[in-house]
Every structure is written in structure tokens, then in C-alpha cells.
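The lines below spell out each chain.
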Amino acid sequence: MSHEPGTARVSAELDHQLLEAKFAVPRPRPGAVSRARLVDAARASRRRVVGVTAPAGYGKSTLLAEWAARDDRPVAWVTLDRADDNPLPLLVVLASAFSRIDPRYPDLSEDMVGPDASALARAAPRLASALRTGTRPFLLVLDDLHEIRSPACHDVLGVVLAGVPTGSQLVAASRAEQPHLPRLRASGDALELTAVDLVLDVAGTERVFEASHVPVSREVAAAVTERTEGWPAGVYLASLVARHRDPRELPVTGADPYIADYLQRETFRRLPASMRRFLRRSAVLDTLSGPLCEVVTGEGSSRRLLRRLEASSLFLVPLDRSRELYRYHALFREFLLGELEDAEPGLADTLRVRAADWFEAHGSPEQAVEHLLATPEHDRCVRLVTRIVAANFQAGRITTVERWLHALGDDAVSGYPPLVVLAGYVAVYEGHTLEAERWGAVADAASFDGETVDGSASFASARAMFRALRCPDGPQRMIEDARLALGQEPVWSPWRDTALTLAGGALLLAGDVVGATRYLDDAVATARALRNADTLVFSQSLLAQLDMDHDRWDLAAERVLQALGAVAAHRMDDYATSALGYAAGARLALHRGDVDEARRRLTQGMRARALCTYAFPTLAVRVRLQLARASWSTGDVAAVRHLLREVDDVLLHRPALGSLVDEAHDLRKAFGTDERLPAHGSPGAPLTPAELRLLPYLQTHLTIREIGERLFVTRNTASSQVGSIYRKLGTTSRSGAVDRALAMGLLGS
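The structure presented is a predicted model; accordingly, all values stated were derived computationally and were not measured.

So, about the overall build of the protein chain. Scanning the protein chain from terminus to terminus reveals 38 helices and eight strands. Against the 2.2 N^0.38 benchmark of 27 Å for 749 residues, the protein chain shows a C-alpha radius of gyration of 29 Å, consistent with a compact globule. When the backbone C-alpha atoms are referred to their principal axes, the protein chain occupies close to 95 × 60 × 45 Å. Going through the 749 residues of the protein chain one by one, you find that 57% of them count as buried. By sequence separation, contacts in the protein chain at least 24 residues apart represent 71% of the contacts at least 6 residues apart. On the protein chain, roughly 30400 Å² of surface is accessible, and the fraction owed to carbon and sulfur atoms is 51%. Side-chain charges of the protein chain comprise 89 positive and 95 negative groups, with the mean position of each set lying 3 Å from the other.

Attention now goes to the sheet that holds strand S8 (residues 325–328). A sheet is described by the order of its strands in space; here three strands give the open sequence S6-S8-S7, paired in antiparallel fashion. Sheet topology places strand S6 (288–289) and strand S7 (316–318) at the edges, where each strand pairs with a single neighbour. Pairing of S7 with S8, which is carried by three bridges, proceeds in the antiparallel orientation. Across the sheet, valine 317 pairs through a bridge with arginine 327, a residue of S8.

This next bit is on the sheet that holds strand S2 (residues 75–79). Across the sheet, which stays open at both edges, the five strands sit in the order S2-S3-S4-S1-S5 with parallel pairing between neighbours. Both edges of this open sheet fall to S2 and strand S5 (190–194), since each of them pairs with a single strand only. When the angles between neighbouring strand axes are averaged without regard to direction, this sheet yields 15°. As paired strands, strand S3 (residues 139–143) and strand S4 (residues 169–174) are joined by four bridges and run parallel to one another. In the sheet register, leucine 142 faces S4, and the bridge partner there is alanine 172.

Moving on, we come to unusual backbone geometry. Although it is not a glycine, histidine 213 sits at a positive phi angle of roughly 60°. Here arginine 531, not a glycine, exhibits a phi torsion of approximately 60°, which is positive. When its relative accessible area of 74% is taken as the criterion, arginine 531 is described as exposed.

This part takes up the state of the cysteines. As enumerated under the stated definition, the model contains zero disulfides in all. In this structure cysteine 612 is not part of a disulfide, and its nearest cysteine sulfur, from cysteine 471, lies 16 Å away.

In this section: the packing of aromatic side chains. The full count for this structure, using the stated rule, is 13 aromatic pairs. With a centroid separation of 5.2 Å and 45° between ring planes, the pair formed by tyrosine 425 and phenylalanine 466 is classed as tilted. Taken together, the residues tyrosine 425 in helix H22 (residues 417–430) and phenylalanine 466 in helix H24 (residues 459–470) connect sequence positions 41 residues apart. Each member of the pair tyrosine 425 and phenylalanine 466 is classed as buried. Here the aromatic rings of phenylalanine 538 and phenylalanine 616 are separated by 5.6 Å at their centres, their planes lie at 70°, and the arrangement is edge-to-face.

Where a strand is regular, its side chains alternate between the two sheet faces. By the criterion of burial, strand S1 (residues 49–53) is predominantly enclosed, with five of the five residues buried. Every second residue of S1 is oriented toward a common face, with Val49, Gly51 and Thr53 on one face and Val50 and Val52 on the other, all of them buried.

Topologically, asparagine 392 is positioned in helix H19 (residues 378–394). A distance of 2.9 Å separates a polar atom in the side chain of asparagine 392 from the backbone oxygen of isoleucine 388. When sequence neighbours within four positions are dropped, the list of residues in contact with asparagine 392 reads Glu366, Arg397, Ile398, Val401 and Trp404.

We now examine the confidence of the model for the protein chain. Of the residues in the protein chain, 93% reach a pLDDT of 70 or more, and the chain-wide mean stands at 89. In the model, residues 1–10 has pLDDT below 50 throughout and makes 13 contacts with residues more than four positions away in sequence or in other chains. This stretch, residues 674–682, has a pLDDT under 50; its non-local contacts, to residues over four places away or in other chains, come to 15 contacts.

With that out of the way, let us pick up the environment of glycine 658. Turning to its location among the elements, glycine 658 is positioned in the loop between helix H33 (637–653) and helix H34 (659–671). For glycine 658, a relative accessible area of 27% translates into the label partly exposed. Separated by 150 residues in the primary sequence, glycine 658 and leucine 508 have C-alpha atoms spaced 8.5 Å apart. Among residues more than four places away in sequence, those in contact with glycine 658 are Pro475 and Leu509.

Conventions and cut-offs
Residues numbered from 1 in each chain as written. Predicted model: local features only at pLDDT ≥ 70, side-chain atom pairs only at ≥ 80, totals over all residues. Heavy atoms only, no water. Helix = DSSP H or I, 4+ residues; strand = E, 2+ residues; numbered from the N terminus. Rg over C-alpha atoms; globule rule 2.2 N^0.38 Å. Buried < 20%, exposed > 50% of the residue type's maximum accessible area, 1.4 Å probe, protein only. Contact = heavy atoms within 4.5 Å. Areas by Shrake-Rupley, 256 points an atom, 1.4 Å probe, with all protein chains shown as cover. Lys, Arg positive; Asp, Glu negative; His and termini not counted. Charge placed at Lys NZ, Arg CZ, Asp CG, Glu CD. Pairing = 2+ DSSP bridges. Axes fitted to C-alpha atoms, helices over the stretch in contact; angles between N-to-C directions. Disulfide = S-S within 2.5 Å. Phe/Tyr/Trp six-rings, centres within 6.5 Å; stacked < 30°, edge-to-face > 60°. Polar contact = N/O pair within 3.5 Å; in protein donor to acceptor, adjacent residues only side chain to side chain. pLDDT = per-residue confidence, 0-100.

Written as C-alpha cells, this is what we have:
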């Protein structure tokens with residue numbers, strides 16, 4: 001799944017260019033009407049959050065760019081797009097922007113990866129904390145916030161907004177209502193600028209016509225202002241048309257999209273045919289560059305054409321200082337796409353496929369996927385996603401993979417069995433038990449003899465590994481599945497370490513410790529060679545537990561160090577497999593007499609266990625048994641009781657887990673039944689996985705009913721869980737629960 005060195009370099013440079021473009025402050029357009037009065041008033045308000053909300057064509061981005069240029073505070077700029085409409089990718093770009101103005105956090109964006117549950121529970125509080133503790137006031141600018149539609153994104157954004165300190169400001173521009181503004185306005189924390197504030201007066205209209213080199217009298221400027229109702233885009237379009245017609249004859253009335261189309265068409269039809277063709281064809285691209293446009297549009301010298309368009313101020317926005325990347329103004333792009341459909345119906349899909357071809361050839365398959373998703377090329381898109389799932393998974397971009405899978409749809413995924421297996425793995429690691437079971441059933445019933453593109457030796461091998469992980473039929477079948485995969489996956493296979501780890505785990509269930517140790521040692525070596533942190537953590541943690549069982553504490557300590565080092569290095573705090581590493585770390589700390597360290601690791605393990613479900617039953621039970629033993633040693637009998645109850649729940653779904661069933665029985669017998677134990681839900685008892693999933697939402701301003709809707713539970717269930725959280729954390733309010741959870745390490749980093 002790696003590229004040739006030359007291609008990899010091109011890919012890295014391309015991805016870097018595209019990312020840099022998101023953080024570049026747009027250069028002021030020549031002749032743009034100054035919004036200094038509005039900027040100065042917004043700054044003087046000292047409101048932490050400023051919203052600029054208006055339809056397209058009101059100069060929102062122009063205002064933001066002027067503000068950024070006038071502000072003497074460090075400025076972090078983010079231009080959002082549709083790829084950011086996912087909580088963790090959104091947090092990544094916000095953290096990346098902030099890192100540019102605060103050198104204390106050079107790697108902050110790397111903390112924003114992981115399972116979906118990480119976004120609200122760990123990543124958003126981590127970013128909010130970084131903003132809150134900044135060394136100097138800053139300005140954080142979010143342009144095109146309307147691209148963010150997901151309620152989950154607005155949940156995490158609300159947590160981040162709470163971290164903006166006094167003296168700093170976040171300003172966001174959007175075409176749509178900004179959900180956070182009503183609440184912040186009510187508390188005196190927000191200011192909103194709307195279309196009413198952004199309309200042009202007569203002097204502004206004169207300035208626009210002057211920049212278009214069209215002489216205009218005060219009387220004509222007043223007439224155009226009245227007819228356009230001061231709509232900046234209408235005034236600008238009128239100035240372009242007025243190069244060829246008397247502006248008093250223009251039938252302009254307000255911010256009407258039909259009038260916008262008319263004015264743009266008046267401008268558009270006066271361009272040469274080749275330029276019109278270039279404009280409408282290139283409109284399928286979110287970001288334009290010379291080489292990409294040449295391939296997509298079929299027009300040579302595209303770089304020269306782009307610079308000519310920029311010079312003519314024809315709604316082209318440069319995205320970098322080197323003038324290599326551009327985008328069209330949203331209003332103009334919408335018009336061009338309409339022109340494309342009218343002039344060359346059906347061509348848009350062909351153009352997007354060309355763009356995908358270019359990105360894939362230049363080592364950016366993720367960008368290729370984004371273009372293919374909008375075309376009928378479903379089969380190609382499915383295969384491309386299958387090829388890059390593992391790489392994105394290992395990089396912590398699980399939520400990106402989830403978004404692709406949802407965009408493709410269940411039918412497309414089910415139609416390609418190799419992707420079914422990968423969808424199942426994603427569901428397991430996200431803690432989506434029912435979804436994992438469903439994909440497991442689909443995989444078991446499927447047949448596929450084609451060439452695999454996911455790096456596995458065959459579909460049969462990949463399916464066997466996924467079934468072994470789920471262990472629905474007991475240890476013997478798990479051993480058979482793992483050995484089938486081992487027999488097919490060669491030593492260089494990227495799946496070899498997974499097969500070895502599963503084989504080791506299967507032999508442990510059967511009581512063959514010697515054989516299991518051999519496989520797990522090989523798994524560690526292979527995972528290290530493949531740089532597969534997930535299986536490295538899992539295998540080393542299993543081996544560490546075996547070493548501790550046999551009093552090989554020095555060797556166990558080295559394994560725990562490597563496992564937890566990988567967790568930290570790869571930001572795997574909330575991965576299910578990391579819970580086993582935390583449990584091993586707690587046991588080691590207790591052996592050394594370091595109770596504080598043991599309790600810290602226990603807290604981390606208890607938090608990560610929320611994603612350890614019966615979809616990965618051997619992990620779910622092992623984690624809870626190890627956490628229970630360590631909790632017992634610290635005197636936390638309430639935690640032991642809860643963990644044993646959770647073990648029983650897993651065994652209800654997966655009763656045939658071999659030696660783990662015996663271990664659970666032995667621990668329960670040793671622990672005994674003590675009527676003096678705290679009652680369920682009493683102060684000090686651990687939060688259940690369901691309560692851990694709800695806890696992050698207490699940081700938001702969602703109602704209990706809305707929280708229930710986010711979690712797909714009833715309002716009564718959500719209310720009951722909130723009450724239980726309060727009792728267990730010893731508080732009576734949401735803010736108190738959040739503060740306590742942050743202090744305990746149940747939220748944040």
C-alpha cells in the first residue's frame with residue numbers, strides 16, 4: 001500500500017499544498033470596498049465570538065480578510081470545505097491552524113485523531129484547553145462555516161468555542177444560521193453581523209465601479225445602489241456588465257439569484273469560447289491548479305488562463321502566495337456548474353473522473369475518492385476505498401473511512417466482499433457492535449474469487465481473520481481461522497501480524513501458553529517491521545500479562561513500556577486495544593508499589609473499555625478481568641463488581657471463550673459475594689460504558705432530549721444516565737460533572 005519514492009514525494013507536496021491553501025489568508029481584491037468600520041466595531045466589542053451571516057455575494061470573506069490584515073494579534077485562518085464536515089477532520093484543521101500561531105503546540109493536530117468517540121471526549125477538550133491557556137490573545141478565523149452541517153461537528157465546535165479566552169476572538173462567516181450564536185448572544189459573548197450590515201451605500205457602489213474602470217455619476221451610482229438594494233455581488237456584476245451597457249438600463253433588483261444569473265451570463269457570454277469552456281469545465285473542482293485544470297478541461301496553458309482570470313477579477317480567489325492554487329467564488333461557481341449542465345449535459349461526471357485519475361496518478365487516492373463519490377463510478381470508488389482503508393485506519397483517520405462507507409451506502413459495500421470485512425473492522429473499533437455483527441454475517445455468507453486490493457492474500461483469508469476476531473464459534477474454530485490466514489498470508493503481507501496475533505490469542509483460549517507466546521513474539525516483530533501500532537500494542541500487552549503471571553517482571557516492564565509508548569506516539573488513547581495496555585500498566589505499577597500511577601492507568605483503561613464490546617469478545621473480557629484484578633488490589637471493590645457484571649454481559653453473547661470463562665469464574669469465586677459492597681450507582685462507583693459515551697455531551701448545551709437523540713436512546717434513558725453520572729461523580733450539575741471528569745481524566749487528554 002506504499003507508493004514509489006518519487007510518487008510519494010509528489011503526493012506529500014500536493015497534500016501539503018492543498019492543506020496550506022486552507023490556512024492562507026486571501027489577498028484583498030483590488031478595488032474592494034473597505035469594511036474597516038465594521039471590523040473596528042467588532043474588535044472593540046471584545047465579544048469572544050463574532051458571526052458574519054449572510055447569503056452568497058455579501059463580501060463575507062472580503063471582510064474577514066480585511067480584519068485579518070488589520071488585526072495586530074496573531075491570526076489563524078481556516079477556509080472550511082465539505083471534507084471538514086466530520087468532527088475529527090474539523091478538529092484537525094482547527095488544531096493545525098492554531099499550532100501555527102502558538103509554538104507550544106507543534107503537534108496539536110496529531111492529538112485530534114482516533115475513533116469517532118474521541119472527538120467530543122478527548123480531542124475537543126484538548127483543543128479547548130490549548131486555546132484557553134494561550135500565552136497571548138489571538139484571532140481565529142473560520143470562513144465558509146456553512147460547509148459544516150453535521151450536528152456532531154457543531155457539538156465539538158461548541159466545546160472549542162468555550163475555550164476561546166477573553167482578549168481573543170473567533171470570527172466565523174457562514175451563509176446559513178450559525179447554531180452557536182443564539183446561546184452566546186444571550187450570554188453576552190457573541191456579536192453577529194448580517195446582510196443588513198454588509199450592504200453597500202452609494203459611496204461603496206462608486207468605489208466598485210471605479211475598480212471596474214467604469215465611469216459613473218453620483219446619480220447613476222445611487223440608482224444602481226437602490227436597484228441592487230446594496231447587494232455587493234449585484235453591484236459588482238452590474239459594474240462588469242456596465243462596461244458594455246448603460247448601467248441605468250440594468251434590470252437589477254436585490255439579491256435575486258435569477259438576476260445574478262442574468263448579470264453573470266451577460267458577463268460570461270462576452271468571453272471567448274475557449275475561455276467559457278475552460279470556466280464551466282473547471283467549475284467541477286473545489287481547488288484549481290494549472291496541471292489539474294489541463295487534464296480536466298483539456299485546455300493547455302491552464303496556469304496562464306488562471307492568472308488571466310485572476311487579473312480580470314472574474315470571481316477567482318487565489319489560495320496561496322505563489323498563485324498556484326485558486327478557487328471560484330461560490331456564487332460564480334454555482335452559475336458555471338449550471339452553464340456546464342446546459343452546454344454539455346452529462347459531462348460533469350466525466351470531468352470528475354478525470355480529476356480522480358489525476359489525483360490517483362499523483363499519489364493522492366483520498367482526493368480521488370472525494371471526486372469519485374460524486375460520480376456513477378461506484379465500482380472503482382469501492383475498490384479504491386478498499387485499497388486505502390488500512391493506511392487511513394493506521395493513521396487514525398477512522399472517521400474519514402466511516403464517512404466514505406456511509407457515502408457509498410450499504411448496497412455498494414455489500415457488493416464487494418473485501419470491503420465488507422474492512423467495514424466490519426471499522427465497526428468493531430468504533431464500538432458499533434450491531435453493525436459489526438451485521439457485516440460479519442454478510443462476510444460469512446459471501447463468496448469472492450477476484451484479486452484483492454486490500455493487501456490480504458485472499459478474501460477467504462481476510463474473512464477468516466475477521467471471524468477469528470469475533471470468535472462466534474469458540475476457540476477451536478478461532479484456531480482454524482487463524483491458521484487458515486497464516487497459511488495464506490506471506491511474511492511480507494501487511495496482514496501477517498494480524499494473523500499471528502489472532503493465532504496467539506486463539507491458543508491462549510485453548511490453554512496453549514507456549515504456542516501462544518511463540519505466535520505473539522512473531523506478531524510483535526512483524527508489527528514493528530510493518531509499523532502497525534495497533535497489533536504491536538495488543539500483542540505486547542498480552543505478552544506482558546503472561547510475563548507477569550510467571551514473575552518475569554523486568555521483561556514485562558519492557559513490554560509495557562513499548563506498548564504504552566506506541567499508544568502515546570500514535571495518539572491511540574481511545575483505541576479499544578489500548579485498554580489492554582493500560583490494564584497491564586496498572587498491574588505493573590501496583591507491583592512496584594506506585595498506587596497513584598496504577599490508579600491513573602486504571603482510569604485510562606476504564607475509559608477506553610467503553611469501546612471493548614462483544615464484537616471483539618476476547619479483548620472485551622481480558623480487559624475487564626485485568627482491570628478488575630488491579631482495581632481489587634487498590635481496594636476499589638465497586639469497580640470489581642461492575643467489571644464482573646460487564647464480563648457476564650459479554651459472555652451472554654459469546655459463551656464459548658475457553659480459558660477466559662474459567663478465569664472469570666475463578667476471579668468471581670475469589671472475590672466472593674459481599675453484601676457490604678456499595679450499591680449500583682452509588683458515589684464512587686465506575687461509570688458504565690453507556691455513561692462514558694454520554695459524559696462528553698455534558699460539555700455541550702444540548703438538552704437531555706437532544707443528547708438522547710444523538711445517542712439513539714430515549715429521553716428517559718438519557719436522563720437516568722445523567723443522574724447516575726452525577727451520583728457517581730459526587731456532583732449535582734453538568735458543569736460540576738464536567739469539571740470532575742476532566743480532573744479525573746475521564747475527559748480530555
